[in-house]
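Breakdown of the fold
Below are the chains, spelled out letter by letter.
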Amino acid sequence: MSIQDAVLLKELMSKRRSVRSFSEKPLSVDFLEAFLYAGQGCTSADGRRTAPSAHALFPLTLMVVVRHVDGLVPGVYSYDSQARKLVRTQELIDDGVLNSAALGDETWLEDAPAVIAVVAERQSAIDHFASQQADGLRGARYVDFEAGAAVQNIYLAVTAAGLGGVVVMGFDDIKMKEALRLELPYFPVALFCVGHPLN
Ligand SMILES: Cc1cc2nc3c(=O)[nH]c(=O)nc-3n(C[C@H](O)[C@H](O)[C@H](O)COP(=O)(O)O)c2cc1C
């Protein structure tokens, strides 16, 4: 690591923008795996990851709704941070379902070749930090904060790859939980639509 690395990082950060229009070109699985690693990849034998976590609790999991990714059958996948592997867990979500859980008409939720979902064991984090703040707000805040760190890492990795994407948090929590067919203890925190920018 050197001052040159810091300068490169600065340049990368200056180029980060939200992109909401995607070409039909499929995403490569290598790029997708690089973005998942940026978000929650395991970086040490004791389970530390690319993004920080309060009390090293690591309540986040990344899932991916795969529509057009070279080398992957469309469907819903879960990212195993430790093994750095994608595991297919469900069939593809029907057209219209993700968008109907959004608060606005977020067409990019369905146009993007892949949508990374940051989901959390939110109640475990709330319970874990309840002794510090009994109303549970501390644990909930930490989950949101950690998701923000993961998403920023993903934004920067996507920018470095010359691709584009946008975080979406404007959704109905319960409807999105159902749309992603999440079972307890998982709760949806943020979505990141990613693909090749149009133009
Ligand atoms: C917490 C948070 C929630 C966001 N939710 C949405 C969203 O629901 N839909 C969307 O299109 N963009 C969403 N965005 C992206 C912002 O609109 C975007 O970051 C902002 O317009 C600034 O543009 P930039 O990212 O290109 O700098 C969200 C951003 C943040 C930080």
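So, here's what we can say about the structure. Quick caveat: nothing in here was measured; it's all calculated off a predicted structure.

Some words on the overall build of the protein chain
Scanning the protein chain from N- to C-terminus turns up seven helices and eight strands. Against the compact-globule benchmark of 16 Å for 199 residues, the protein chain has a radius of gyration of 17 Å, which places it among compact chains. Expressed along its principal axes, the backbone C-alpha trace of the protein chain runs to roughly 50 × 45 × 30 Å. With an accessible surface of roughly 10,100 Å², the protein chain has 54% of that area assigned to carbon and sulfur atoms. The average position of the 18 basic charges and that of the 24 acidic charges among the side chains of the protein chain differ by 6 Å.

Thoughts on the layout of surface pockets
Empty space within the largest pocket amounts to approximately 170 Å³. Looking at the largest pocket, the residues that line it are Thr61, Met63, Ser78, Thr89, Gln90, Val119, Arg181, Leu182, Glu183 and Tyr186.

What to know about the side chain of Gln40
Within the secondary structure, Gln40 is located in helix H2 (residues 29–40). Sequence-distant contacts of Gln40, defined by excluding residues within four places in its chain, comprise Arg49, Thr50, Ala51, Leu60, Leu62, Tyr79, Ser81 and Ala150.

Let's talk about the packing of aromatic side chains
As enumerated under the stated definition, the model contains three aromatic pairs in all. Their ring planes at 85 degrees and their centres at 4.8 Å tell us that Phe129 and Tyr142 sit as a pair that is edge-to-face. Of the two residues, Phe129 sits in the loop between helix H5 (122–128) and helix H6 (137–160) while Tyr142 sits in helix H6, which places them 13 residues apart along the sequence. The class of Phe129 is buried, set by a relative accessible area of 2%.

Considerations on the site of the ligand
Around the ligand, the neighbouring residues are Arg16, Arg17, Ser18, Arg20, Glu106, Trp108, Val166, Val167, Val168, Met169 and Gly170. In the model, a nitrogen atom of the ligand is placed 3.2 Å from a nitrogen or oxygen of the Val167 main chain. Measuring from an oxygen atom of the ligand, one finds a backbone N or O atom of Gly170 at 2.9 Å. Relative to its unbound accessible surface of 620 Å², the ligand loses 54% to contact with the protein. Among the elements that take part in the shell around the ligand, strand E7 (residues 164–168) stands out by supplying three residues, more than any other. Looking at the shell around the ligand, its residues break down into five nonpolar, two polar and four charged.

Here's the deal with the environment of Lys15
The residue Lys15 is located in helix H1 (residues 3–15) in this model. For the pair formed by Lys15 and Leu156, sequence separation is 141 residues and the distance between their alpha carbons is 8.7 Å.

Thoughts on the sheet that holds strand E8 (residues 186–195)
Spatially, six strands are ordered E5-E4-E2-E6-E8-E7 in an open sheet, and the strand pairing comes out antiparallel. At either end of the open sheet lies a strand with only one pairing partner, and these are strand E5 (85–90) and E7. Averaged over all neighbouring strand pairs, the angle between strand axes comes to 30 degrees, with direction disregarded. Where E7 and E8 come together, five bridges link them in antiparallel fashion. Residue pairing for E8: Val168 is matched across the bridge by Leu191.

How each quantity is defined
- Residues numbered from 1 in each chain as written.
- Predicted model: local features only at pLDDT ≥ 70, side-chain atom pairs only at ≥ 80, totals over all residues.
- Heavy atoms only, no water.
- Helix = DSSP H or I, 4+ residues; strand = E, 2+ residues; numbered from the N terminus.
- Rg over C-alpha atoms; globule rule 2.2 N^0.38 Å.
- Areas by Shrake-Rupley, 256 points an atom, 1.4 Å probe, with all protein chains shown as cover.
- Lys, Arg positive; Asp, Glu negative; His and termini not counted.
- Charge placed at Lys NZ, Arg CZ, Asp CG, Glu CD.
- 1 Å grid on protein atoms, 1.4 Å probe; cavity = no way out; pocket = protein on both sides within 12 Å on 5 of 7 lines; lining within 4 Å.
- Points joined across faces, edges and corners; volume = space filled by probe spheres on them.
- Contact = heavy atoms within 4.5 Å.
- Phe/Tyr/Trp six-rings, centres within 6.5 Å; stacked < 30°, edge-to-face > 60°.
- Buried < 20%, exposed > 50% of the residue type's maximum accessible area, 1.4 Å probe, protein only.
- Near = heavy atom within 4 Å.
- Polar contact = N/O pair within 3.5 Å; in protein donor to acceptor, adjacent residues only side chain to side chain.
- Nonpolar A, V, L, I, M, F, W, Y, C, P; charged D, E, K, R; others polar.
- Pairing = 2+ DSSP bridges.
- Axes fitted to C-alpha atoms, helices over the stretch in contact; angles between N-to-C directions.

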